[in-house]
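# Residue-level structure breakdown
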Amino acid sequence: MALTKEQIAQRIALEIKDGYYINLGIGIPTLVANYVPDNIHVTLHSENGLLGMGPFPTAENVDADLINAGKQTVTILPDGAFFDSAMSFAMIRGGHIDLTVLGAFEVSESGDIASWKIPGKMIKGMGGAMDLVAAADNIIVAMQHTNRAGESKLLKKCTLPLTGANCIKKIVTDLALLEVGEKGFILKERAPGVSVEEIQNATEGTLIVQGEIPEMKL
Amino acid sequence: MMSKQVNSADDLIHFIRNGMTIMAGGFGLCGIPENMINAVAASNVIDLTVISNNIGIDNFGLGKWLSKRQIKKILASYVGENKEFENMLLKGEVEMEFVPQGTLAERIRAGGAGIPAFYVATGVGTEVAEGKEERVFDGQRYILEKALRADVALVKAWKGDEAGNLVFKDTAQNFNAAMAMAGKLTIAEVEEMVPIGSLDPNHIHVPGIFVQYIFEGSNYEKRIERLTLANQV
C-alpha cells in the first residue's frame, strides 16, 4: 500500500534527532511536527521571524501579529524568540538550521528541485524556498511519487524552472525513501507492501537498486 | 530633541510622488503599514515601483494599489494570495521581479547598511541567477546580488516615541526593521505613541536615527489571512 500523507510525515519524523532546529514547509512537511517522539525536543523555525513555534491557538489566544510562514495563526513556546526577516534568513543561509523539509513538483536524479513555478499557469513566487534549498545540508523532500496524471515526479532532468540545483539528497514519497547519489536515485526503503518493480515503474529517472530493499518501519 | 511626530498619514502623503520606489513592510497582512497604504490608495500617485515581500490580497493592503493601477513594477518573493495580481502578471500588465525571500531581506538590509552588493548561494543554477555575476568561494558557487534602497520606506511598528525609536510585536517585525534602514525617507506608523523615556533603550528594535517621521495610526484592521485554531486540526 502506498503511504498516506500522514505516513510520509511519520517516516520523515524518524530522521529527527534531539535538539534539532527544523524548518517545515507547507503541506505534508507541516504534518511532520505531529510525529516527533515525546522524548525528543525540537525547535521549529518559521522564516517570517519565529523560533519555537507552538501549536495553533485557541479562539481566545488568536493574535493577528503572530503567524507562521504559511500565514496561519500560531503560538510561541516559552523558549522561543522573535526576530526580523534578515536575521531569520541568516539562520538559514548560515547553516544554523539542522533539517529542512519541503515539498516539490519535480526532483531530478542529480538533486535538482523544481517547486515554485509552472510557466503560463502558476506564478506565485518562490518565497523562502530557494534560500532554504541553497543553504541546508540536510534537506528532505516530501512528495507524492507521481503527479495527478500518473507521471513520475522523479526525473532524469526537471522540466519546470528550478528552485535549486544539485541540492536534494533525500526524498520520501508515498512509495519509497530514496537518496540522490552520483548516478541517480538510490532506493533505500519501500513503503510496506510496495514492490521494487512498482517503484521502478513510477520512476522516470535512473533508479539504483542494490541488494534486498527493506520495507519502511513506521 | 526635535520631534518627528506628525498627526496622521495625511500630513505625509505629499512625500509620495509619481514614479518613486516605495518599500512597504509586512509579511502577508501581518505588520503592514495600513494607514499609509490607505493614504496612497486614496491619492492619485501612479507608476510606483514597490518593494515588499507580498502584494496584499484582492482589495486589501497593497492589493488596493494594484486595483487602482498605481503600480508599475514590483519586487516580491511571493504573490500567491493575490489573484488579481497573478492575472495581471500572466497578461504582462505589470513588471515583476521575483526575489527569493532571504535575498530580498538581505538586499534591503545591505541597502540600509551601505553595502552595495554581496554574494549568496541562493538561486545558483536557477533563473534568478540569469545575468548575474557568478563566483566560486571555497569550491561553492555564489551569485552577486545588489543592495536595494527606496525613495520612501513605509513601516509599521507596535510602539514608538517622538525620537522615532520603534518596538515591534511578535512576527509583525518581519521586513519592517530592515526597510526602516533602507528608506532615503522612512515613515513609521505605530499602534501606540509613548512618551520619550518609556521605551527601555535595551529593547528598541529600530533606533530613531533610521526614522524621519512617525505617527500613531488609527482604525487598524489587522486582518488574519488564515485563521487556524487548535481544535480545527
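Residues numbered from 1 in each chain as written. Chains lettered and ligands numbered in written order. Predicted model: local features only at pLDDT ≥ 70, side-chain atom pairs only at ≥ 80, totals over all residues. Heavy atoms only, no water.

## Points about the overall build of chain A
When you go through chain A residue by residue, the secondary structure sums to five helices and 15 strands. Over its C-alpha atoms chain A spans a radius of gyration of 17 Å, differing by no more than 12% from the 17 Å that the globule rule assigns to 218 residues. The dimensions of chain A, computed from C-alpha atoms along their principal axes, are 50 × 40 × 30 Å. By residue count, 57% of the 218 residues in chain A fall in the buried class. Long-range pairs, those at least 24 residues apart, make up 60% of the contacts in chain A with a sequence separation of at least 6. About 9400 Å² of surface is accessible on chain A, with carbon and sulfur atoms providing 51% of the total. On chain A, the mean spot of the 18 positive side-chain charges and the mean spot of the 26 negative ones are 7 Å from each other. (Helix = DSSP H or I, 4+ residues; strand = E, 2+ residues; numbered from the N terminus. Rg over C-alpha atoms; globule rule 2.2 N^0.38 Å. Buried < 20%, exposed > 50% of the residue type's maximum accessible area, 1.4 Å probe, protein only. Contact = heavy atoms within 4.5 Å. Areas by Shrake-Rupley, 256 points an atom, 1.4 Å probe, with all protein chains shown as cover. Lys, Arg positive; Asp, Glu negative; His and termini not counted. Charge placed at Lys NZ, Arg CZ, Asp CG, Glu CD.)

## Comments concerning the pattern of salt bridges
Applying the stated rule across the entire model yields 19 salt bridges over all chains. Taken together, the shared-partner salt bridges in this structure form one network comprising A:Asp63, A:Asp65, B:Lys156, B:Lys169, B:Asp170, B:Glu191 and B:Lys222. (Salt bridge = Lys/Arg side-chain N within 4 Å of Asp/Glu carboxyl O.)

## Remarks on the sheet that holds strand S6 (residues 106-108) of chain A
All names here are of chain A. Within the open sheet, the three strands sit side by side as S7-S6-S11. Their pairing is mixed. A strand with exactly one partner marks an edge of an open sheet, and here the two such strands are strand S7 (113-114) and strand S11 (154-155). As defined by bridge partners, S6 adjoins S11 across two bridges and the pair is classed as parallel. Bridge pairing links Ser108 to Leu155 in S11. (Pairing = 2+ DSSP bridges.)

Geometry only, nothing functional implied.
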